[in-house]
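As a plain string of letters, each chain reads:
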Amino acid sequence: MCGIVAYLGDRNAFEVIIKGLKRLEYRGYDSSGIALSADNQLKLYKKTGKVSELESFTNSEDLNGGTGIGHTRWATHGEPTDNNAHPHLSFDGTLGIIHNGIIENYASLKQELLNKGYEFKSDTDSEVVIHFIEDIRKNNNCKLDEAVRLALSKVIGAYAIVIIDRNDPSRLIAARKGSPLVIGVGKGEYFLASDATPIIEYTNEVVYLNDFEIAIVCREGLTLKNMEDVESSPYIQKIDMELDAIEKGGFKHFMLKEIFEQPKSIGDAMRGRLNAAEGQLALGGIRDYLNRLISADRIIVLACGTSWHAGLVAEYFFEEWCRIPVEVEYASEFRYRNPIIKEGDVIIAISQSGETADTLAAIELAKSKGAIIFGVVNAVGSSIPRATHVGAYIHAGPEIGVASTKAFTSQVTVLSMIAMIVSYKKGTISETSYHELLVELETIPEKVQIALGLDQRSQSIARSFMNATNFLYLGRGYNFPVALEGALKLKEISYIHAEGYPAAEMKHGPIALIDEEMPVVVIATNDSSYEKIISNIQEVKARKGKVIAIVTEGDEVIPRLADYVLEVPKTHEALMPLVSVIPLQLLSYYIADLRGCNVDQPRNLAKSVTVE
Ligand code: M6R
């Protein structure tokens, strides 16, 4: 939640920051603000609403200055108002802060400061931090970086912060614990941001700040120190990200672009790993602990949201092919239980952003109980890959639309490859079935490309249902998680209530909802439960529900029963989620767009959920 950007150098800081904030808007978009250091003042601009509103608001201002900090907010403490927008200034106005995260002990710190006569302009936890730093700096008569270090040693919670000093524009102080912060290193200039997207057009050299590190960023160089005041040299890495990957490229929304990128992103997940003709499949990143997975007594999958749905698909892979029992856990529940983790258990943590707070906390809990953790993550260099023992990146490229699409298919692709390797090495799958799966997996990008041909048809079905108030999604077996995913996609971007159910469960409750007003999306591809799902469709039709069926090409039965049909190419039953999810993504996209919803930035949501 929240995106932060800061710049120090010879460019116009405002321009760098506003552009960067637009790139980070997926992290929060209820208000934004910028503080610039110029002529021994901190010029502060804050506005409720999107970054574009801040931009219009500052149109006629003199925005010179080569040092500045900026923030786009997803409210946690205090409503989205101009006052609560970041940056926040210290009581004496000399310091400014941007913060991503949550300060858990802000109330007690605030009380201490109120007792000393400090006054607050906002309801945020972040303003407390900057007053606290000011107080420590005055009391100890120390340098800013030392005041930051002393203050943070008393702060409980998560933060990525950047601090600007009115009296010293040649320096920015940054620190991180639990929230991401990347520092782009240019020639005599530095870019600080929540992720690399605001940075890559200027430099591909970055330093990922670690937890409990403080960065002193000056024109002459970058120094790091830890909370014990010990200095270290920054480790500069080169990142491989193209500017095209983070722009809309002619599509109306990032979500639509990302849906259409899937033939490529799924191909990228397999690139260099799978060669079906040669019978080769290898994932270098998991090699070191592969034997632990092969001999696992149980796999526990930890994830949230769409990643959790990908985990559910993986449950079928690991149980069917590898004969390993699997439990798929919401990370947010797992972390607050006292879960039983035994010696033979292996954890697989799945996350697009690699920053989800609940997943990270669940990983730490499992680690503390001695578990080995495999990560399946998209964002390179993010927190989860650094917290796991081994892992495989999904290589989907930046996913900017808040609704996850291409990450889901790439996660399922990578999880299927892991399960194929394990089953083959374990001998729980026949040589023939293994090779068939490799060959079939390689064909998925072209099948997804064909499924994308349902674009216009999905749009026309969307027109018929754009005013519905409820939707039901049904699927069986491998298509059950797809039903959940379809329902999640629809509700998060169109605000229509939608529920996903295993089709056979319908008769235990949801069937009561069905009447002529109720659209029911049935994922009814031709697999081992085909006959059963036909019965479910008939049950819906008998109650006058409107059936939108996802069927396998050439199906002659279901089109006679369903009201609307979307045909997808045939593939192996286990790999069908990679194809059958495509029309569901398109349908939800078009319904949301026709309803005039903000598809890429739905209300109340943020792309990476870095709060509990
Ligand atoms: O970055 P993660 O995969 O860990 O995120 C998990 C969920 O927050 C995420 O999938 C969320 O549900 C998406 N908005 C779904 O489209």
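Residues numbered from 1 in each chain as written. Predicted model: local features only at pLDDT ≥ 70, side-chain atom pairs only at ≥ 80, totals over all residues. Heavy atoms only, no water.

A look at the nonpolar core
Condition: In this text, buried Ala, Val, Leu, Ile, Met, Phe, Trp, Tyr and Cys residues form a nonpolar core when linked through side-chain atoms within 4.5 Å. Only protein chains enter the calculation, and the probe is 1.4 Å; a residue is then buried if its accessible area is under 20% of its type maximum, exposed if over 50%, and partly exposed in between. Note that domain bounds follow an automatic or database assignment of domains. Note on definitions: a residue-residue contact is assigned when non-hydrogen atoms from the two residues lie within 4.5 Å.
Counting residues in each nonpolar core, the largest one holds 100 residues, and the members touching the most others are Trp321 and Phe471. Here this core spans two domains, since at least three of its residues come from each of domain 2 (253–442) and domain 3 (450–612). If we skip the residues at most four places from it in the chain, Phe471 touches Phe465, Leu490, Ile496, His497, Ala498, Glu499, Met518, Pro519, Val521, Ile548 and Ile591.

Re the side chain of Lys46
Selection rule: Helical segments are the DSSP runs of H or I of at least four residues, strand segments are the runs of E of at least two, and each set is numbered from the N terminus. Neither His nor the chain ends contribute to the count of charged residues, in which Lys and Arg are positive and Asp and Glu negative. Within this document, salt bridges are pairs made up of a side-chain nitrogen of Lys or Arg and a carboxyl oxygen of Asp or Glu, the two lying within 4 Å of each other. Definition of a polar contact: a pair of N or O atoms within 3.5 Å, with one able to donate and the other able to accept a hydrogen when the atoms are protein atoms, and with sequence-neighbouring residues admitted only if both atoms are side-chain atoms.
Along the chain, Lys46 turns up in strand S3 (residues 41–48). Within the buried core, Lys46 has no salt-bridge partner, and the shortest N-O distance to an opposite charge, that of Glu127, equals 7.3 Å. Only 2.7 Å separates the side chain of Lys46 from the backbone oxygen of Ala85, close enough to count as a polar contact. Among the polar contacts made by the side chain of Lys46, one reaches the main-chain carbonyl oxygen of Pro87 at a distance of 2.9 Å. When neighbours within four sequence positions are excluded, Lys46 is seen to be in contact with Ser32, Gly33, Leu54, Phe57, Asp82, Asn83, Ala85, His86, Pro87 and His88.

What about the site of the ligand?
Defined as follows: Neighbouring residues are identified by heavy atoms, a residue being near a molecule or strand if any of them is within 4 Å of it. Computed with a 1.4 Å probe, the accessible areas rest on the Shrake-Rupley method; for each residue, only the protein chains presented here act as cover. In this classification, the charged set is Asp, Glu, Lys and Arg, the nonpolar set is Ala, Val, Leu, Ile, Met, Phe, Trp, Tyr, Cys and Pro, and all remaining amino acids, among them Gly, are polar.
Every one of the 15 residues lining the ligand counts as a neighbour, but Ser307, Ser351, Ser353, Thr356 and Glu492 are closest to it. Here an oxygen atom of the ligand sits 2.8 Å away from a polar atom, N or O, in the main chain of Ser404. Here the ligand, which alone exposes 410 Å², has 91% of that area covered by the protein. Listing elements by their share of the shell around the ligand, those giving two or more residues are helix H9 (305–322) and helix H16 (479–494). Across the shell around the ligand, the residue classes break down as five nonpolar, eight polar and two charged. Two domains each donate at least three residues to the shell around the ligand, and these are domain 2 (253–442) and domain 3 (450–612).

Topic: the pairing of strand S1 (residues 3–8)
Using the following cut-off: Pairing between two strands requires that DSSP report at least two bridges joining them.
In terms of residue burial, S1 counts as a mostly covered element, since six of its six residues are buried. One ladder, built from six bridges, connects S1 with strand S4 (residues 67–73); its direction is antiparallel. Within the sheet, the bridge partner assigned to Tyr7 lies in S4 and is Gly68.

Focus: the packing of helix H7 (residues 262–270) against helix H14 (residues 431–451)
Operational definition: Convention adopted: a line fitted to C-alpha atoms gives each axis, helices being fitted over their contacting stretch, and angles between N-to-C directions are expressed from 0 to 180 degrees. Orientation labels follow simple angle bins: below 35 degrees gives roughly parallel, above 145 gives roughly antiparallel, 65 to 115 gives roughly perpendicular, and whatever is left gives oblique.
Put simply, H7 and H14 touch, their axes get as near as 8 Å, and they point 170 degrees apart. As the angle between them shows, H7 and H14 are arranged roughly antiparallel. Between H7 and H14, the contacting residues are Gln262, Pro263, Ile266, Gly267 and Met270 on the first element and Leu441, Glu442, Ile444, Pro445, Val448 and Gln449 on the second. Taken together, the residues of the contact of H7 with H14 break down into seven nonpolar, three polar and one charged.

Brief notes about the domain arrangement of the chain
Rules: Buried area is a sum: the accessible area each of two parts loses on coming together, probed at 1.4 Å, counted once for each and added.
Parsing the chain into structural domains produces domain 1 (3–244), domain 2 (253–442) and domain 3 (450–612). Taking the mean C-alpha position of each, domain 1 and domain 2 sit 34 Å from one another. Taken residue by residue, the interface counts nine residues in domain 1 and nine residues in domain 2. Its largest share of buried area at the contact with domain 2, domain 1 owes to Tyr26, Arg176 and Tyr208, together 47% of the area lost on that side. In this assembly, domain 1 and domain 2 are joined by zero salt bridges. Between the two partners, domain 1 and domain 2, sit two residue pairs in polar contact (both at pLDDT 80 or more).

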